[in-house]
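Residue strings, one per chain:
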Amino acid sequence: MSNPPKPALECRDVTVKFGDVTALSDVAVSFAPGQIHAVVGQNGAGKTTFARVAAGLVQPTAGAVDVMGEEIRTGHVNQSRAAGVELVHQSFALPPSFTVAETMEFGATGKGGVYSRRGLSEKWRSHLASLDVQVDLNTRIRDLPIETQQGIEIARALVMDARVLILDEPTAVLSPTGIDMLFARVRRLKERGVTVILILHKIREVLGIADTVTVLRGGRKVEGPLPIAEVSAERLANLIVGDAIAKTLDRHERDALVGTKSPVGEGAGHPETAHGPSVLSMKSVSTRPDSEGTALDGVDLDIRPGEIVGIAGVEGNGQKTLVRAISALADLASGSIRLAGHDVTGEPLGARRAIGLRIIPFERNVEGLSLTSSLWQNWSARELLQGSLLRVIRPATVREACDRSLREWSVHYHNSAQKAGSLSGGNAQKVILAREVDRGARLIIAAQPTRGLDIGATAFVWQALRQARDRGVAILLISSDLDELFDISDRVVVMLSGRVNGEFRAPFDIASVGAAMTDAAARKSA
Amino acid sequence: MNEIIIAILRSGTPLIYVTLAGVIAQRAGVWNLGLEGLMIIGACATIVGIMLTNSILAAILIAVFICVLASVLLWFVIDRLKANPIIAGLGLTGLGVGGTALAVQSIFGSQASVTAPFGLPKLGPAFGAYGVLSISVAAMPFVVFGMWVLLRRTRFGLRLAACGEHPFAARSVGANPSRMRLVALSIGGVLCAIGGAELAAGSLQFFAQGMTAGRGFMAFAAVIFGASHPVGATFAALFFAVVGALGIRAQLMFGDKIPHDLLQALPYLATVFGVWLSGKLRGGAKAASSFAELKDQ
């Protein structure tokens, strides 16, 4: 490696502990100025914590941070910003009711005073234009599509003279086209002399954009920054996953986990196991508009027994409403839903569950589990809610059954009376699987079932879904991770603006699926 | 006609000051249900202050000081001790209503009310029929305008709103949501003191136990009705005052035909109607986010 005068950002032996948990452990890394650096690692590797230490949002337990050779006071956002470090958050930190101009202004420093609406728009128009963000400055954040919101967040981060821009998993919410646009934007920033640190978790993206790559695993730096020319995808995959786990995964699975390359996903490989009458049959279902998300607009969807159907789409295109419609939580304006041959259009969720509907919900800690209730109470909710409300419950019996089931699903726990909130994300998800993937299941909705999970837990969830599929259960998988969808789905349906905008069978082509995810978005922004 | 306008301004001004206190707290993310308590503390402190110091300026300064102190207490309980803001606010209301009754009794013996020798300065004969109004009524439109500028036209206002709406976003640009809430509640304390002073010493010159009679809650309803916008909430408060004044009018005119109690209940019915209407228009009030300061997403 050459010897650059002063690194743009240098972390010296940074350690961060949250209570008993060590999120970062003695991380020492230095990033040369004017380049695009990738930081990669699986969930729980400490990437976000690293970014937040640099941005001053997290006070490290030990260690120091230098920007352009000068040590900054850690744990103070204003200090980091004054030194020129800005962070773009994974799920953007923008107040939804603010207009674009207000969003720019609230992050600015320096001369403020009283402004007028028009003055504010004038002030920020050229700034946004220079970053190629085309948007009406009086639009509210909540009315903007997610890809524009990201542009706004980047522009917000650049209102001051940023010298180091950190983007925390910026690609997670984007379509393949959106990612291309983001990378073009990042390259332009590099030309302007900004040092960009991209936190990523797909190797294909790292190889496509970065000058160097740094790998974190389990809160420690494994390697880096390595010049990108010196690493192969193969080596990177092993660095990210770690040798110990790499041995337990088949190659296919590992590649899906780290997004090695695969512009073409091979799919689950047995689309012919699906036969027999549909378990789920939705006929031109539209929902009434409500405040909770994009309404469905004439959705037709059929899932047969033994079939995993993946739903792809940029977040906010009706995926949540689809789940709510199937689980009787959204009002239908028209259309019909049949479940295992029964017309359940007007039936409540209880009746649908009795037929065999099971849900692994989006928000595991909010919808999936009651964190303040014990494991056995969480686990037994399925059965207990289906019987008579006056049925006598014998906790000892239920606890025993719960113990048996949790052991079967290899949940790590102390005893079934402990609160669900005390489990790690992976174990919490296993409790939900133990409850929802039972013998009575006919249709399982798995909504972002691996979000935030580490490699081992992710692979476990995939196995569980595959096994259920092989038993003849129909599975609806919603994910924003195309690698995941391509790896385990038999069929992928793309949603856009509440409509089905394309259906694909293996082998999946990332380009055509990506195009289906955005084609109207492109029209909208034009 | 003048009479009605004067009556509306008299009953509306204290309500508007307290409403503005609620608006700034709401924007910073605190549902301030302590408004009723702060208002009555302001009213009581003004009258007691006049009695003790014989100076209206000193009395107001005392009221402001005590109300800010009470607001800081509320902030401490919510922000540092992580109490539920609704419960803490209601506690402050209880403290205010009970504490002022206790204070009056312990200072002046067992009296239900205290009458001061003078109140706030009046506008004077130069203003014709409106000369009977106090200077704080005249100052009110300027205060409303000032609050609108502060909250809607400055970076401070934006950061304050960000602290209420998305504390993590505020933190990301270097704002300190906790400190912002302290500032918002303190400014609210000043406004509640003035509102209480106007109630007790504006047109009247006495303090009676429980004299706010739910005006603080009405002010809170105006905050919700007015969508936490300083001008919108002011008009909501004014609307309640108009209904109240018309109720008194109606009592005088049809007092023998319509039950007296019903007419007296009009402002409160209007409040219920207002909150219902704002819920209809905007799909319900937003949940408080102050104590749900985003952990790490």
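Residues numbered from 1 in each chain as written. Chains lettered and ligands numbered in written order. Predicted model: local features only at pLDDT ≥ 70, side-chain atom pairs only at ≥ 80, totals over all residues. Heavy atoms only, no water.

Student: Can you tell me about the packing of helix α5 (residues 135-152) of chain B against helix α10 (residues 230-254) of chain B, naming the residues and giving the values?
Tutor: When two helices pack together, you describe them by how their axes are tilted relative to each other and by the distance separating the axes. All names here are of chain B. Where α5 contacts α10, the two axes come as close as 9 Å, and the packing angle between them is 145°. Contacts between α5 and α10 involve V144, M147, W148, L151 and R152 from the first element and P230, V231 and T234 from the second. Of the residues belonging to the contact of α5 with α10, the class tally is six nonpolar, one polar and one charged. (Axes fitted to C-alpha atoms, helices over the stretch in contact; angles between N-to-C directions. Helix = DSSP H or I, 4+ residues; strand = E, 2+ residues; numbered from the N terminus. Contact = heavy atoms within 4.5 Å. Nonpolar A, V, L, I, M, F, W, Y, C, P; charged D, E, K, R; others polar.)

Student: Explain the domain arrangement of chain A to me, using residue names and the numbers behind them.
Tutor: All names here are of chain A. Split by domain assignment, chain A resolves into domain 1 (9-247), domain 2 (262-356 + 440-526) and domain 3 (370-438). Between domain 2 and domain 3, the C-alpha centre-to-centre distance is 26 Å. At the interface, 14 residues of domain 2 touch twelve residues of domain 3. Taken over both partners, the interface formed by domain 2 and domain 3 buries close to 1,000 Å², and the fraction arising from carbon and sulfur atoms is 62%. A salt bridge links R353 to E436; its shortest N-O distance comes to 3.0 Å. Those elements giving two or more residues to the side of domain 2 that touches domain 3 turn out to be α12 (349-355) and α17 (455-470). For the side of domain 2 that touches domain 3, the leading source of residues is α17, giving five residues. The class makeup of the residues in the side of domain 2 that touches domain 3 is ten nonpolar, two polar and two charged. (Domains from an automatic or database assignment. Buried area = accessible area lost by both parts, 1.4 Å probe. Salt bridge = Lys/Arg side-chain N within 4 Å of Asp/Glu carboxyl O.)

Student: Explain helix α5 (residues 146-157) of chain A to me, and be specific about the residues and the numbers.
Tutor: Residue and element names in this part refer to chain A. Across its twelve residues, α5 extends 16 Å between first and last C-alpha, which sits within 8% of the 16 Å expected from 1.5 Å per residue. Burial analysis of α5 places eleven of its twelve residues in the buried class, the great majority of the element. If you check which residues of α5 are buried, you get I146, T148, Q149, Q150, G151, I152, E153, I154, A155, R156 and A157. Looking at the buried side of α5, the elements it contacts are α2 (77-82), β6 (85-88), α3 (100-107), α4 (117-130), β7 (164-168) and α6 (176-191). (Expected span 1.5 Å × (residues − 1). Buried < 20%, exposed > 50% of the residue type's maximum accessible area, 1.4 Å probe, protein only.)

Student: Explain the sheet that holds strand β4 (residues 62-67) of chain A to me, using residue names and the numbers behind them.
Tutor: Residue and element names in this part refer to chain A. A sheet is described by the order of its strands in space; here four strands give the open sequence β2-β1-β4-β5, paired in antiparallel fashion. Every interior strand has two partners, whereas the edge strands, β2 (21-31) and β5 (70-72), have only one. Averaged over neighbouring strand pairs, the angle between their axes works out to 30° when direction is ignored. Strand contacts of helix α1 (residues 47-55): β1 (9-18), β2, β4 and β5, with the helix running at about 115° to β1, the strand carrying the most contacts. (Pairing = 2+ DSSP bridges.)

Student: Account for the UniProt feature "transmembrane region" (unreviewed entry) in chain B, naming residues and giving values.
Tutor: All names here are of chain B. UniProt's entry tags residues 6-25, 30-50, 56-78, 85-108, 128-151, 182-207 and 219-248 with the feature "transmembrane region" (unreviewed entry), counted in the numbering of this structure. Span residues 56-78 is 100% helix and 0% strand, its end C-alpha atoms 33 Å apart. Overall, residues 219-248 shows 87% helix and 0% strand. The separation of its end C-alpha atoms is 19 Å. (UniProt positions renumbered as here; feature names shortened; annotations may be inferred.)

Student: I'd like to hear about the environment of A:Q463, residue by residue, with values.
Tutor: Structurally, A:Q463 is set in helix α17. A relative accessible area of 34% means that A:Q463 is categorised as partly exposed.

Student: Describe in detail the sheet that holds strand β8 (residues 195-200) of chain A, supporting the description with residues and values.
Tutor: Residues and elements named next belong to chain A. The sheet built from six strands is open, its strands ordered β6-β7-β8-β3-β9-β10 with mixed pairing. In the strand order of this sheet, the two ends are held by β6 and β10 (220-227), each with one partner. The mean inter-strand angle of the sheet, taken between neighbouring strand axes irrespective of direction, is 15°. Summarising the sheet, strand β3 (residues 36-40) and strand β9 (residues 212-217) pair through four bridges and their orientation is parallel. Looking at the pairing, A38 lines up with V213 of β9. The strands that helix α8 (residues 233-241) touches are β3, β9 and β10; relative to β9, the one it contacts most, it runs at about 30°.

Student: Describe the pairing of β9(A), and please don't skip the residues or the numbers.
Tutor: Residue and element names in this part refer to chain A. Among the six residues in β9, five count as buried, and that is most of the element. In terms of strand pairing, β9 meets β10 through five bridges, oriented antiparallel. Directly across from R217, in β10, lies its bridge partner R220. Taking the residues between adjacent antiparallel strands as the criterion, β9 and β10 are bridged by two residues, where G218 takes a positive phi near 55°.

Student: Describe in detail unusual backbone geometry, supporting the description with residues and values.
Tutor: In this chain, A:A506 is followed by A:P507 through a cis amide linkage whose omega measures -5°. Relative to the helices and strands, A:P507 resides in the loop between β21 (499-505) and β22 (508-509). Even without being glycine, A:S497 reaches a positive phi, approximately 50°. Relative to the helices and strands, A:S497 is located in the loop between β20 (491-496) and β21. Positive phi is not limited to glycine here, since B:A227 has a value of about 55°. For B:A227, the location among the structural elements is in the loop between α9 (215-225) and α10. According to the relative accessible area criterion, B:A227 is partly exposed, its value standing at 38%.

Student: Would you mind going over the environment of B:I5 in detail, with residue names and values included?
Tutor: Tracing the sequence through the fold places B:I5 in helix α1 (residues 2-27). Between the C-alpha atom of B:I5 and that of B:I16, which follows or precedes it by eleven residues, the distance is 15 Å.

Student: I'd like to hear about the interface of chain A and chain B, residue by residue, with values.
Tutor: Listed by partner, the interface residues are 32 residues for chain A and 20 residues for chain B. Both faces combined, the contact of chain A with chain B buries some 2,200 Å², and carbon together with sulfur accounts for 52% of it. The largest share of the area that chain A buries against chain B comes from A:R52, A:F106 and A:Y115, three residues that together contribute 28% of it. Summed over the shared surface of chain A and chain B, the number is one salt bridge. As a salt-bridge pair, B:R155 and A:E105 come within 3.1 Å of each other at their nearest N and O atoms. Linking chain A with chain B are ten residue pairs in polar contact (both at pLDDT 80 or more). Those elements that provide at least two residues to the side of chain A that touches chain B are α2, α3 and α4 of chain A. (Polar contact = N/O pair within 3.5 Å; in protein donor to acceptor, adjacent residues only side chain to side chain.)

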